[in-house]
Amino acid sequence: MVLKGGVHPRGSKAKILLTSVFGPYAQDDEFGSQKINPMELWHNQVTRVQGPFSLRMFNRSFGMLFIQANIKAPCVMLDFPTLDRFIEEITNNRYDIIGIGSITINVLKVKKMCELVREHQPDATIVVGGHVANLPDLDQRIDADEIVKGEGVRWFREYLGENTGRPFIHPEIPTYIDYRNMGTTVKIKPRDRTATLIPSVGCPLGCNFCVTSAMFGGKGRFVNFYHTGEDLFDIICKLESSMGVQSFFVMDENFLLHRPRALDLLKLMEEHGKSWSFHVFSSANVLSKYTTEQLVGLGISWVWMGLEGEASQYAKLKGIDTRPLVKQLQSHGVRVLGSTIIGLEDHCPENIDQVIDYAVSHDTDFHQFMLYTALAGTPLYNDLKIKGLIKDETEVPTSDHHGQYRFNFFHPLIRDGQETGYLLRAFNRDFAVNGPSVVRAISTTLKGWRQHREDPDRRVRARFERESKDLVKHGVPMVAAALAYYHDQPALKARIEGLMAELLVEFGEQAEHMARVAGPFVLEKIREEEQRLKEGWTYEPPTFYEKNAAWLAMEASKCADASIRVGFSAGS
């Protein structure tokens, strides 16, 4: 990390605004936003073609929230502002530092925001970070004072003259907001919410296309915030207490790779009777090094796993037959999100259907499909750039470098925009063969309940009771509605009928009642959602405006000073 301007003159007294790029996002506009690429990771990359069955939700800008919680300077976080709201903020409030976080495709929005800061607050220092910092010519595209490449907490602490080595404070971050499915915005009770947990950033495996790995040092490198199982246990206990949660989405590229830390955490969970649930990213080769008992005991409830293909070059899949692995995980209630890259070097028109069929044959609960994309900063980008194979900005603008539309490089075997059709073919085939992801997840949850409801470990029983408690109230009506929706598609109908039969056997008259009474209601909501989508309905996140403890203390001090002055004036 290099500071161009040294330590900021005001140090930890500097007033800071951190902001994400402005919306709206799910529309085609002059700043590179695209309707095809909304601010919804799940709907955009996983359940993209599933219509009213698609998962709709937003995730907070957790990187900047982590920075805000770990600096002593007074700091405001403005997340998902509109352009007008951003202009209002920098017009009405003075800041010493304005930090803008962004992914690569939103570089034009970053450029516009920098211009507005120069106009309204010319004395403010502009700091830009996030994946957009990987662009090699970013300093020529935007007018910023500092570009932060890599981990931001240490950078800001150094820039503010603070102790860079002091312990990290983990912020309270709900994993998702405005969760919507089957035409209904779901109201989630605090106890059923999931909190985001960030143990480390980067991935030492370093796949050549991985922009996150490249951002934090590349292959073999990562940044740990919490080094031991005890460190993690303490943080999780604090989040459990303050947020009232027992489920955690672990934002770590390969959480289980740090085996001693994970097993120490398991030991502490056993000693203290904790039955937490963890949603994790993990590679197949790492998962295979744990026993089923260890994974279940640790509370692994969801796994996001790369499934790049039978002949994959990637070490994370070497020697692993992923289909039996997926089935084994699902049999124990672990919901699996498979991730497949379309357009690897050996993919071609002659074998693309085989590639897609292999991915679909895993029957994962969810499946992400992404185009092979050479993102700035990655080894893939650097290699193709040297070879002159990266497409010019006039051919494929940076706003298209998101993996859901077209290649940004010349592929040796796939040409003339064929990749766009191949990607959609993969999504559609998975949906046609395996059905709605939410129904698949219900099936896996039921498997876990059956397998572990009488588990000898009280912690394990408690977790599966918690994760399965809504199978009748919510799961049965959803399956009943899906069955009615697909009544004219024999293959999917048979599959969903099988699941409904299992639910009826398991839960008897109670399930029959919910299917009969609530099923038609859910089906009606699905139809209404389907109509909204046909009419072009889009979904946007709300704006958040949050102050850290230092900012609140600064405001309290000003109020106290004002009260003293008023009292002195009145007394005199």
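Throughout what follows, the structure given in this document is the object of discussion. (Residues numbered from 1 in each chain as written. Predicted model: local features only at pLDDT ≥ 70, side-chain atom pairs only at ≥ 80, totals over all residues. Heavy atoms only, no water.)

### Some words on the overall build of the protein chain
Secondary structure assignment for the protein chain yields 21 helices and 17 strands. Compactness check: the protein chain gives a C-alpha radius of gyration of 25 Å against a globular reference of 25 Å for 572 residues, within 12% of the reference. Once the C-alpha set of the protein chain is aligned to its principal axes, its extents read approximately 80 × 65 × 50 Å. Residues classed as buried in the protein chain amount to 57% of the 572 residues present. Residue pairs at least 24 apart in sequence account for 76% of intrachain contacts in the protein chain once pairs closer than 6 positions are excluded. Charge centroids of the protein chain, computed over 66 positive and 72 negative side chains, lie 3 Å from each other. (Helix = DSSP H or I, 4+ residues; strand = E, 2+ residues; numbered from the N terminus. Rg over C-alpha atoms; globule rule 2.2 N^0.38 Å. Buried < 20%, exposed > 50% of the residue type's maximum accessible area, 1.4 Å probe, protein only. Contact = heavy atoms within 4.5 Å. Lys, Arg positive; Asp, Glu negative; His and termini not counted. Charge placed at Lys NZ, Arg CZ, Asp CG, Glu CD.)

### Considering the sheet that holds strand β9 (residues 194-197)
Strand-to-strand pairing in sheets goes through backbone hydrogen bonds, with the strands running parallel or antiparallel. Judged by pairing direction, the sheet is parallel, and its six strands sit side by side in the order β9-β12-β13-β14-β15-β16 without closing on themselves. Both edges of this open sheet fall to β9 and β16 (366-371), since each of them pairs with a single strand only. Averaged over all adjacent pairs, the angle separating strand axes in this sheet is 15°, with direction ignored. Where strand β14 (residues 300-306) lies against strand β15 (residues 335-342), five bridges are found, and the strand directions are parallel. What sits directly across from M305, in β15, is G338. Running at roughly 175° to β16, helix α15 (residues 418-434) makes contact with β15 and β16 of the sheet. (Pairing = 2+ DSSP bridges. Axes fitted to C-alpha atoms, helices over the stretch in contact; angles between N-to-C directions.)

### Quick notes on the pairing of strand β7 (residues 177-181)
Note on strand geometry: in a regular strand, side chains alternate between the two faces of the sheet. When you tally the buried positions in β7, you get four out of five residues, the bulk of the element. Where strand β2 (residues 56-58) and β7 come together, two bridges link them in antiparallel fashion. By the bridge assignment, F58 is partnered in β7 with I177. Sheet analysis places β7 next to strand β8 (residues 184-185), joined by two bridges and oriented antiparallel. Across the sheet, R180 pairs through a bridge with T185, a residue of β8. Where β7 hands over to β8, the hairpin turn is made up of two residues, of which M182 adopts a positive phi near 55°.

### Section: the packing of aromatic side chains
Taken as a whole, this structure holds 28 aromatic pairs when the rule is applied. Relative to F366, the ring of W42 has its centre 5.4 Å away and its plane inclined at 80°; by these criteria the two rings are edge-to-face. Note that W42 is positioned in helix α1 (residues 41-45) and F366 in strand β16, a separation of 324 residues in sequence. Summarising the burial analysis for this pair, W42 and F366 share the class buried. One aromatic cluster in this structure is built from W42, F249, F281, W302, W304 and F366. Across from the ring centre of F544, 4.0 Å away, lies the NZ or CZ of R60, which sits over that ring. The positively charged end of K391 is found above the aromatic ring belonging to F410, 5.4 Å away from the centroid. (Phe/Tyr/Trp six-rings, centres within 6.5 Å; stacked < 30°, edge-to-face > 60°. Lys NZ or Arg CZ within 6 Å of the ring centre and 35° of its normal.)

### So, the packing of helix α16 (residues 437-452) against helix α19 (residues 490-517)
Running from N to C, α16 and α19 point in directions that differ by 35°, and their axes come no closer than 11 Å. Between α16 and α19 the crossing geometry is left-handed. Listed contacts from α19 to V439, R440, I442, S443, L446, W449 and R450 of α16 are R495, I496, L499, E502, L503, E506 and F507. The class makeup of the residues in the contact of α16 with α19 is eight nonpolar, one polar and five charged. (Left-handed = near helix turned anticlockwise from the far one by under 90°. Nonpolar A, V, L, I, M, F, W, Y, C, P; charged D, E, K, R; others polar.)

### Some details on the nonpolar core
Within the largest apolar cluster, 108 residues are counted, with the highest numbers of intra-cluster contacts made by L256, L265, F278 and M305. In terms of nonpolar packing, the next biggest core, distinct from the first, is built from 35 residues, Y25, I98, M113 and C114 among them. (Core = buried A, V, L, I, M, F, W, Y, C linked by side-chain atoms within 4.5 Å.)

### Structural notes on the packing of helix α8 (residues 229-243) against helix α9 (residues 259-272)
Relative to each other, α8 and α9 sit at 50°, their axes nearing to 7 Å. Classified by the angle their axes make, α8 and α9 are oblique. As for how α8 packs across α9, the hand of that crossing is right-handed. For the pair α8 and α9, the contacting residues are G229, E230, L232, F233 and I236 in the first and R261, D264, L265, L268, M269 and H272 in the second. (Parallel < 35°, antiparallel > 145°, perpendicular 65-115°, else oblique.)

### Description of α8
Between its first and last C-alpha atoms α8 spans 21 Å; for 15 residues at 1.5 Å apiece the expected length is 21 Å, and the two agree. Taken as a whole, α8 has its buried residues at G229, L232, F233, I235, I236, L239, E240 and M243. Around the axis of α8, the buried residues are gathered within 165° of arc, so they sit on the same side. Set apart from the buried face of α8 by more than 90 degrees, the exposed residues are E230, K238 and S241. Check the buried side of α8 and you find it contacts β9, β12 (247-250), α9 and β13 (277-281). Taken from the residues just after α8, G244 is the one with a positive phi, measuring 70°. (Expected span 1.5 Å × (residues − 1). Arc of directions from axis to C-beta.)

### Comments concerning the sheet that holds strand β3 (residues 75-79)
Judged by pairing direction, the sheet is mixed, and its six strands sit side by side in the order β6-β5-β4-β1-β3-β17 without closing on themselves. Each of the sheet's edge strands pairs with one partner strand only, and the pair in question is β6 (146-148) and β17 (544-547). Strand-to-strand twist in this sheet, taken as the mean axis angle between neighbours without regard to direction, amounts to 20°. Bridge analysis of β3 against β17 gives four bridges, and the strand direction is antiparallel. Bridge pairing links L78 to Y545 in β17.

### Focus on the pattern of salt bridges
The tally for this structure, following the rule as stated, stands at 34 salt bridges. The salt bridge partner of R141 is D137, with a shortest N-O separation of 3.1 Å. Judged by its relative accessible area of 26%, D137 is partly exposed. Salt-bridge contacts for D400 lead to R406; the nearest nitrogen and oxygen are separated by 2.4 Å. (Salt bridge = Lys/Arg side-chain N within 4 Å of Asp/Glu carboxyl O.)

Interpretation in functional terms is not warranted from these geometric data alone.
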